[in-house]
Structure formats: structure tokens, C-alpha cells
Amino acid sequence: MRNITLGIIGGQGRMGDWFKTQFEQFGLTVLIADRNTALSARDLCERCQVVIVSVPITITEEVIAEVGPLMPEDGLLMDLTSNKTQPVKAMLKHSRSEVVGAHPLFGPREDSVKGRHIVLCPGRGEKWLNWIKDLLEEMGAIIKVVSPEHHDRLMAAVQGLTHLSTLALGLAIMDSQLK
């Protein structure tokens, strides 16, 4: 199913633009909507079978509430955020389409998706979940499929440990008189 048209809301942002480039290099047709584009989010939902929301986490649920009702039942609505439970719940609430949450565990400075980890969180349906999983794996990504709740518990632990180690390092430097 490479003849689909994929849309990215927030396609001029760093991650949205990065994924646009990756998908285009793999031969997919990609349209974008952003604050300064000719296409609106509504246009994307009318023209694309797959729509990815790639906006700041602070407005993700607001954008999902706007575009979810515009998605066709046989389409896929996704997000690219580091939190999964609330965005997936919002997509389920505001759309009839299949729903998948995605969290790329890397930033937009990478050369490609090859060898990079991406977590997929199923929300509704299997057709598009399998399609995006197979596509990303074919592109070289390493995919882990977990529930949104499990993802968020894991990320809370990882981020908590990261902050704790940074604090410990800072305290050790302060105590060592290496100022």
C-alpha cells in the first residue's frame, strides 16, 4: 500500500518535516498542513488516508479534537508525541478512524529512521497498525508495540532516572569543590 497519501499536521516543525522527508525518500506522497501552508488541516483530512499530528504536546489534544471528526472511518489518525495515554484517548474520542499513537525515541537530527527505535501504541483497528509497523520496519526502524499506559509508565521511569542522575552529578560536582 505505497499508493496512499499521507498528511502531516505540523509538517513544517522539526519532527514533522523530518518525517515528511523520510516518507518521501521511501516513495510515499506526503502533504503537509501548518500555520503558513496553503493546505489546511481540513484539506489534509479530505485528501489523505493517513494523517499524523506532529504539533507541540501542549496543543496536541486540541488539534486532535479539531481534525478527528474529519477523518474517514477507513483512515488512520496518528500522533507523534512523547506522551501516549492522553493523545490516544483523544483520538479515540474524537474520531471514528483507526488510531495509533507513535513515539520516536530520537530527535530530528538523525540522518534516517534506519536503526532508530519507534514505539507504536495501538488505539483502534489493526489494518493501519500493521501497515505503519511494516512500513517503518521496511524503512529500517526498530518497532516496539505497547499499550499507551505501559509506554507512559516506562517513560516516567526513564525520564525520572535521567533527572535523578543529572541532579546527583550536579551535587557531586558541587561537593567536590571543582567549581
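Residues numbered from 1 in each chain as written. Predicted model: local features only at pLDDT ≥ 70, side-chain atom pairs only at ≥ 80, totals over all residues. Heavy atoms only, no water.

A. Geometry of the overall build of the protein chain. Secondary structure summary: the protein chain contains six helices and seven strands in total. Along its sequence from the N terminus, the protein chain presents helices and strands in the succession β-α-β-α-β-α-β-α-β-β-α-β-α. Oriented by its inertia axes, the alpha-carbon framework of the protein chain measures out at about 60 × 35 × 30 Å. Here the protein chain holds 179 residues, and the buried ones make up 43% of them. (Helix = DSSP H or I, 4+ residues; strand = E, 2+ residues; numbered from the N terminus. Buried < 20%, exposed > 50% of the residue type's maximum accessible area, 1.4 Å probe, protein only.)

B. A look at helix H5 (residues 127-138). With 12 residues, H5 ought to run about 16 Å at 1.5 Å a step, and its terminal C-alpha atoms sit 16 Å apart, in line with that. Every buried residue belonging to H5 is among Trp128, Leu129, Trp131, Ile132, Leu135 and Leu136, and all of these are buried. The arc that holds every buried residue of H5, seen down its axis, measures 165°, which confines them to one face. Gly140 occupies a position one or two residues after H5 and carries a positive phi of about 110°. (Expected span 1.5 Å × (residues − 1). Arc of directions from axis to C-beta.)

C. Up close: the state of the cysteines. In the structure shown here, the tally under the stated rule is zero disulfides. Cys48 supplies the cysteine sulfur nearest to Cys45, a cysteine that is in no disulfide, at a spacing of 7.8 Å. (Disulfide = S-S within 2.5 Å.)

D. Expanded view of the side chain of Asp79. Mapping Asp79 onto the fold places it in strand S4 (residues 76-80). Ignoring sequence-local partners within four residues, the contact set of Asp79 consists of Val53, Lys84, Pro87, Met91, Val100, Gly101 and Ala102. (Contact = heavy atoms within 4.5 Å.)

E. Structural view of the packing of helix H3 (residues 57-67) against helix H4 (residues 85-94). At a minimum axis separation of 9 Å, H3 and H4 run at an interaxial angle of 15°. In terms of their interaxial angle, H3 and H4 are classed as roughly parallel. In terms of crossing hand, the pair formed by H3 and H4 is right-handed. Residues Thr60, Glu61, Ile64 and Ala65 of H3 pack against Gln86, Pro87, Ala90, Met91 and His94 of H4. Residue composition of the contact of H3 with H4, by class: five nonpolar, three polar and one charged. (Axes fitted to C-alpha atoms, helices over the stretch in contact; angles between N-to-C directions. Parallel < 35°, antiparallel > 145°, perpendicular 65-115°, else oblique. Left-handed = near helix turned anticlockwise from the far one by under 90°. Nonpolar A, V, L, I, M, F, W, Y, C, P; charged D, E, K, R; others polar.)

F. A look at the packing of aromatic side chains. Evaluation of the coordinates by the stated rule reveals five aromatic pairs. Each ring, one from Phe19 and one from Phe23, has its centre 5.7 Å from the other, and the planes form 35°; the classification is tilted. One end of the pair, Phe19, and the other, Phe23, are both in helix H1 (residues 14-25), four residues apart, so they sit about a helical turn from each other. Aromatic rings pair up to connect Trp18, Phe19, Phe23 and Phe106 into one cluster. (Phe/Tyr/Trp six-rings, centres within 6.5 Å; stacked < 30°, edge-to-face > 60°.)

G. Inspection of the environment of Gly140 at higher detail. Structurally, Gly140 is set in the loop between H5 and strand S7 (142-145). In contact with Gly140, not counting residues within four places along its chain, are Val113, Lys114, Gly115 and Arg116.

H. Broad picture of the nonpolar core. Counting residues in hydrophobic clusters, the biggest one holds 29 residues, and the most contacted among them are Leu6, Phe23, Ile118, Leu120 and Leu136. When contributions to this core are tallied by element, the ones reaching two or more residues are strand S1 (5-9), H1, strand S2 (29-33), strand S3 (50-53), S4, strand S5 (98-104), strand S6 (117-124) and H5. Ranked by residues supplied to this core, first place goes to H5 with six residues. Apart from residues lying up to four places away in sequence, Ile118 is in contact with Phe19, His103, Pro104, Phe106, Val113, Leu136, Ala141, Ile142, Ile143 and Lys144. If you look at the next biggest cluster of nonpolar residues, it comprises 20 residues, including Leu31, Val53, Met71 and Val99. (Core = buried A, V, L, I, M, F, W, Y, C linked by side-chain atoms within 4.5 Å.)

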